[in-house]
Amino acid sequence: MSKRQLGRSGLTVPSLIFGGNVFGWTADEAMSFRLLDALVEAGLTAIDTADVYSAWVPGHQGGESETIIGRWLKERGGRDKLVIATKVGKPMGSGDKGLSRTWIKRAVEDSLKRLQTDYIDLYYAHEDDASVPLEEVLQTFSALIAEGKVRVIGASNYTAGRLKEALDTSTRAGLPRYECLQPLYNLVDRKEFEPELAPLCLAEGVGVAPYYSLASGFLTGKYRSEADLANRTRGDRVRKYLNDRGFRVLAALDAVASRYQATPGQVALAWLAAKPVVTAPIVSATSPVQLQDLVKATRLQLDAEAMAELDRASA
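Parameters at a glance
- Residues numbered from 1 in each chain as written.
- Predicted model: local features only at pLDDT ≥ 70, side-chain atom pairs only at ≥ 80, totals over all residues.
- Heavy atoms only, no water.
- Core = buried A, V, L, I, M, F, W, Y, C linked by side-chain atoms within 4.5 Å.
- Buried < 20%, exposed > 50% of the residue type's maximum accessible area, 1.4 Å probe, protein only.
- Contact = heavy atoms within 4.5 Å.
- 1 Å grid on protein atoms, 1.4 Å probe; cavity = no way out; pocket = protein on both sides within 12 Å on 5 of 7 lines; lining within 4 Å.
- Points joined across faces, edges and corners; volume = space filled by probe spheres on them.
- Helix = DSSP H or I, 4+ residues; strand = E, 2+ residues; numbered from the N terminus.
- Polar contact = N/O pair within 3.5 Å; in protein donor to acceptor, adjacent residues only side chain to side chain.
- Expected span 1.5 Å × (residues − 1).
- Arc of directions from axis to C-beta.

A. Looking closely at the nonpolar core. If you look at the biggest cluster of nonpolar residues, it comprises 97 residues, and the most contacted ones within it are Y123, F141, L163, Y178, F218, L219 and L302. Among all residues touching L219, those that are not within four sequence positions of it are N186, L187, V188, S213, L214, V249, L253, P264, G265 and A268. L6, L122, V152 and A209 belong to the second largest nonpolar core, which has 14 residues in total.

Shown next, in the form of structure tokens:
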């Protein structure tokens, strides 16, 4: 599995990052262990999670995903072969949230305990917190790096203006900078990232790890009508794509997939991974069979004609 440098940091990650939001949600602990074992075997050694996963599930408080990863790590070992990313800032079941110094320091200890590890490779601010000065946030992260609890920091869901301000603050104050951005970006969600964030990340050498890389499964082609959404966990998230533009994208994916003897999902991931600004898309699976399908996307190289066809369909 080829590796890519994350921003200007010393971290390298495979060309796909596995999204651990499924652990403890749509994949129970036994299946999560199977998936984690299969990930390591396939060389997909970067795992993305967050303290808040999966607080949205009735009865959950957050920390469920990290806890499963921690139990697996304790049982299997091999921590030094993995890149583990987690996040802080979103509202937990307890109501705690944000990027205050007090909460980050408490939240990182909670995450380390659940993950059963001494350090986090990549620690994200899960969303911007305008109530806390950026310099204070970055100073807090800097202290965690100095203590050896965090290696590299990143930002998720930041606007271009705030990301630029954060990068400038790091330079001015001599503080660690956000080396990776985790934005919403895929074939049908382009407008939030491409106009301003993409050129900023390219100019500043910030790595990019998009989430919802398959648009909650829409880009796999399994949702093509309202009937397909019935009794599906992500059905409500996909409904917004069932329109003329969405169907145009699916038609282009079908056409390219047919030429490459691939699946629409593999083509959608290959399109994303081929973008110069993207370091590695984040993608999830709920079974080893789905995971093997995703692994094949890392070997798919689209030509200029296919990229242009997909660009036009999703414009």
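B. Empty space enclosed by the protein, seen in detail. Taken as a whole and judged by the stated rule, the model has one cavity of 30 Å³ or more. Around the largest cavity, the lining residues are L6, L11, V13, I17, A46, I47, D48, V83, A85, L122, Y124 and I282. Put simply, the parts of the chain that give the lining of the largest cavity at least two residues each are β4 (46-48), β5 (83-88) and β6 (120-125). Looking at which element gives the most residues to the lining of the largest cavity, the answer is β4, with three residues.

C. Summary view of the side chain of S9. For S9, the location among the structural elements is in the loop between β1 (3-5) and β2 (12-14). Residue S9 is classed as buried on the basis of its relative accessible area, which comes to 10%. A distance of 2.6 Å separates a polar atom in the side chain of S9 from the backbone oxygen of L6. Of the polar contacts made by the side chain of S9, one reaches the backbone nitrogen of L11; its length is 3.1 Å.

D. Focus on helix α4 (residues 134-146). Compared with an ideal rise of 1.5 Å per residue, which puts 13 residues at 18 Å, α4 spans 18 Å between its outermost C-alpha atoms and is within 8% of the ideal. Here α4 has its buried residues at L134, V137, L138, T140, F141 and L144. Along the axis of α4, the buried residues cluster in a sector spanning 155°; they form a single face. Contacts from the buried residues of α4 go to β5, α3 (101-115), β6, β7 (150-156), α5 (160-173) and β8 (178-182). Downstream of α4 by a residue or two, G148 has a phi angle that is positive, lying close to 80°.

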